[in-house]
Each structure stands twice: as C-alpha cells, then as structure tokens.
Amino acid sequence: MQEKYDLITILGPTASGKTTFAAALGRRLNTEIISADSRQVYRRMDLGTGKDLDDYIVEGHPVPYHLIDIAEPGYKYNVFEYQRDFLAAYESIRAKGRVPILCGGTGMYIEAVLKGYRLMPVPENPELRSRLAGRSLEELTRILSQYKTLHNSTDVDTAKRAIRAIEIEEYYASHPVTGREFPRLRSLIVGVDIDRESRRRKITERLRKRLEEGMVDEARRLIEEGVSPDDLIYYGLEYKYLTRYVIGELTFEQMFSQLEIAIHQFAKRQMTWFRGMERRGFHIEWINAELPTEEKINFVLEKLSPETPA
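Asker: Help me understand the environment of alanine 24 in this model?
Answerer: Along the chain, alanine 24 turns up in helix 1 (residues 18-29). On the basis of relative accessible area, alanine 24 is assigned to the buried category, the value being 13%. Note: C-alpha distance between alanine 24 and serine 198 (174 residues apart in sequence) is 22 Å. With residues up to four places along the chain from it excluded, the contact list for alanine 24 reads Val58, Thr293 and Ile297.

Structure below.
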C-alpha cells in the first residue's frame, strides 16, 4: 500500500512546544527529525538559538535529528544550502523506510522544501552592497518589500541580513532560475497553535531561564573565539542584543527589555508567514499547543491513516 505522505511537517512560532511534540512523535513512529531552524545549524550557538537538545531524548531514548550543528559561527548559511542539506537528510531517512519529520519555525526554509523551489547559490554583489550601505533597516525593509518572490522581510531583523536578502532578490530578478529540480513532496503539515498570552508568557519565562543558564557567557565566548561582533549581530534576535550588551552598547536591563520585545515581534512574524503559506495554497492542520502530547500524537496518527481523507 502506498503511503499517504512522504513527509510530516510540524511548524509553529517560537515557544509553542513544537520540538517536544515532534520528538515524541518521532519516537512513536520510529523515525528521524529534520530541523528547519535557520540558526540552530550553527555549532556552539546553543542557548541563544534555543537549541534544547534534551528535547530529542524521549523516554530515555535519543530521537535522531539532522541539520543542527552543521556550520561554524560566522558562516552565512543560506536557503540554497538548506535545500541541498535537507534533501540529503530526507533521502537517507527514506532509504530506511521511514517518513521523516520536518520541524521548525523558519518559514522560508519550510516553504522552500515543501514548494519545491529551484534555487541556486547567489554571489555577493559589492556594488549593490556599497549602494545600500548606511541605509536604515526601515529603508532596506521598504526596498525588500518591492520584491514579490520567496525572500522577504519576515526573517530579517538586521540591516546586514536585509541587504543580503535584497542581493538575493536582485540576482533572481536578472538571472532565470535554472537550478536543479527539487522533488514535490506530499506532506502532512501540522501547525502548533498557541494563544498570544501563553506565547508571550512562555517567551519571557524561557528568556529568563536561558539568561540564568549563561546565554551572555555564550555570546562572550563566541567573540573570544574570534567571531566578530558584526557577524554575531548578523544572526539577529538574541545574538544581536547579547552582543550589543557584551561590547557595552546596552545595559543589561536595556538588553533584556529590547530582546524580549524583539522575540515577541519575531513570533508574530512567524505566524504571519504561516498564515501566508495557507493563502499560498498549503493546507495546515492546526492543533492546540495546550493539548497533552498523547492527544497531539493521536491527532497525527489519525491523519496518517489511509482511511482518513487527505
């Protein structure tokens, strides 16, 4: 009997509990997880990216995961490389006769593999970078919003990242996309829906916990290793504000307050992207984040059943 789906996708905003759910599901289905997080690809960037590797231990058993800790800090990993690395992980899991679970909150990465975009690596454009240097993030976001293709401002919160996104768009505008074919995947897509107040509370609690666990020291160590402050700021969110605190641009109180606001805004942008995916033709089965894990698993098992309409 042919399987209904090639892939199970679990998505949701930060602090929704999607990784814990995905790992428990992976354990039940005896399968493996492919991460869709644009910052957890970096080694030693653990607390700042919310890389809770303990989540992948379920009932004392490790659930295998892919695309975490695959690049060095300072490197500019991109969506083209993610497609390539996803495909390698996907094919290795399928070769074992298993249905992989894609789990994460980076909408651009998720959509790039589910939509089957054909992407190619984009070289740097020094002339464009020079022209955009000195522009504010607001100006750059406005320029970026003029483009209507895959990359947009959803995952951009520093000027450097915005310039790179514009660079990618400009390249695609003048070069026909003739990259390799990417397989069309039949995926069950499950969204973990957490109400706004619970999400805000969990974000704040998690931020305090990670600071207590040494998130500032992590940023400091990366700088001492030789990662430039500009490169750390490039990664946005936690690293943007932690770095500015470490180099003396912000007080601890300013750092905490500004970072907390930025994470709340980021979670809101994630949900905007996922709702946009629905408008672009993806069917997402939304499930309440507060449900017990067993109920969430049963929900997915029912959807995987051949008797259940797709």
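Asker: How do you make sense of the pattern of salt bridges when you look at a structure like this?
Answerer: As a working rule, side chains carrying opposite charge can pair if their charged atoms are close by. All told, the structure shown has 28 salt bridges when counted by the stated rule. A salt bridge links arginine 28 to glutamate 294; its shortest N-O distance comes to 2.7 Å. Taken together, the positions of arginine 28 in helix 1 and glutamate 294 in helix 12 (residues 293-304) put the pair 266 residues apart, joining distant regions of the chain. Between glutamate 111 and arginine 280 there is a salt bridge; the shortest N-O distance is 2.8 Å. Of this pair, glutamate 111 sits in helix 3 (residues 107-114) while arginine 280 is found in the loop between helix 11 (252-279) and strand 8 (285-288), placing the two residues 169 residues apart along the sequence. On the accessibility criterion, arginine 280 (38% relative accessible area) is partly exposed. Salt bridges sharing partners connect three or more residues here, namely Arg43, Arg44, Glu72 and Glu225.

Asker: Just to check I follow, could you spell out the sheet that holds strand 7 (residues 187-193) for this structure?
Answerer: Whenever strands of a sheet pair, they do so through backbone hydrogen bonds, lying parallel or antiparallel. Reading across from one edge, 5-2-6-1-7-8 is the order of the six strands in this open sheet, with parallel pairing throughout. The outermost strands of the open sheet, each flanked by one partner alone, are strand 5 (65-66) and strand 8. As judged from the five bridges shared by strand 1 (residues 7-11) and strand 7, these two strands associate in the parallel manner. Paired with leucine 11 across the two strands is glycine 191, which belongs to strand 7. Against the sheet, helix 2 (residues 79-94) contacts strand 1, strand 2 (33-36), strand 5 and strand 6 (101-104), and its axis sits at roughly 165° relative to strand 2.

Asker: Help me understand helix 10 (residues 237-246) in this model?
Answerer: Because each turn of an α-helix spans 3.6 residues, side chains separated by three or four positions end up pointing in the same direction. Summarising burial for helix 10: seven of the ten residues are buried, a large majority. Of the residues making up helix 10, those classed as buried are Leu237, Glu238, Tyr239, Lys240, Tyr241, Leu242 and Thr243. On the buried face of helix 10, the contacting elements are helix 7 (196-212), helix 8 (215-225), helix 9 (229-234) and helix 11. With its phi angle positive at about 90°, glycine 248 sits one or two positions after the end of helix 10.

Asker: Even after reading the chapter, I still don't get unusual backbone geometry, so can you show me in this structure?
Answerer: Excluding glycine, most residues fall at negative phi; most peptide bonds, likewise, are trans. Its identity as a non-glycine residue notwithstanding, asparagine 30 has a phi of 55°, on the positive side. Its location among the elements puts asparagine 30 in the loop between helix 1 and strand 2. Its identity as a non-glycine residue notwithstanding, glutamate 59 has a phi of 55°, on the positive side. On the basis of relative accessible area, glutamate 59 is assigned to the exposed category, the value being 66%.

Asker: Explain the layout of surface pockets to me, please; I cannot follow it from the model alone.
Answerer: To locate leftover empty space, one rolls a probe as large as a water molecule over the atoms. Estimates place the volume of the largest pocket at around 840 Å³. What lines the largest pocket is a set of 46 residues, among which Thr14, Gln40, Gly50, Asp52 and Arg206 lie closest to the centre. When contributions to the lining of the largest pocket are tallied by element, the ones reaching two or more residues are helix 1, strand 6, helix 7, helix 10, helix 11 and helix 12. In terms of residues, the lining of the largest pocket owes the most to one element, helix 7, which gives six residues. Across the lining of the largest pocket, the residue classes break down as 13 nonpolar, 16 polar and 17 charged.

Asker: Whenever I open this one, the side chain of histidine 66 confuses me. Can you help?
Answerer: Here histidine 66 shows up in strand 5. You can call histidine 66 buried: its relative accessible area is 19%. Excluding its chain neighbours within four sequence positions, the residues that come into contact with histidine 66 are Glu32, Ile33, Ile34, Ser35, Ala89, Ser92 and Ile93.

Asker: Whenever I open this one, the pairing of strand 1 confuses me. Can you help?
Answerer: Within strand 1, five of the five residues are buried, which leaves the element mostly enclosed by the surrounding structure. A two-sided burial pattern is seen for strand 1, the buried positions comprising Leu7, Thr9 and Leu11 on one face and Ile8 and Ile10 on the other. Across four bridges, strand 1 lies against strand 6 in parallel orientation. Counted as the bridge partner of threonine 9 is leucine 102 from strand 6.

Asker: Is there a simple way to explain the nonpolar core in this structure?
Answerer: Side chains that are nonpolar tend, in soluble globular proteins, to be buried together. Ranked by size, the top nonpolar core spans 39 residues in total, and within it Ile34, Tyr82, Phe86, Leu102, Ile110, Phe274 and Met277 carry the most contacts. If you list the elements that add at least two residues to this core, you get strand 1, strand 2, helix 2, helix 3, helix 9 and helix 11. It is helix 2 that provides the largest number of residues to this core, a total of seven residues. Leu188, Val190, Ile194 and Ile287 belong to the second largest nonpolar core, which has 24 residues in total.

Parameters at a glance
- Residues numbered from 1 in each chain as written.
- Predicted model: local features only at pLDDT ≥ 70, side-chain atom pairs only at ≥ 80, totals over all residues.
- Heavy atoms only, no water.
- Helix = DSSP H or I, 4+ residues; strand = E, 2+ residues; numbered from the N terminus.
- Buried < 20%, exposed > 50% of the residue type's maximum accessible area, 1.4 Å probe, protein only.
- Contact = heavy atoms within 4.5 Å.
- Salt bridge = Lys/Arg side-chain N within 4 Å of Asp/Glu carboxyl O.
- Pairing = 2+ DSSP bridges.
- Axes fitted to C-alpha atoms, helices over the stretch in contact; angles between N-to-C directions.
- 1 Å grid on protein atoms, 1.4 Å probe; cavity = no way out; pocket = protein on both sides within 12 Å on 5 of 7 lines; lining within 4 Å.
- Points joined across faces, edges and corners; volume = space filled by probe spheres on them.
- Nonpolar A, V, L, I, M, F, W, Y, C, P; charged D, E, K, R; others polar.
- Core = buried A, V, L, I, M, F, W, Y, C linked by side-chain atoms within 4.5 Å.

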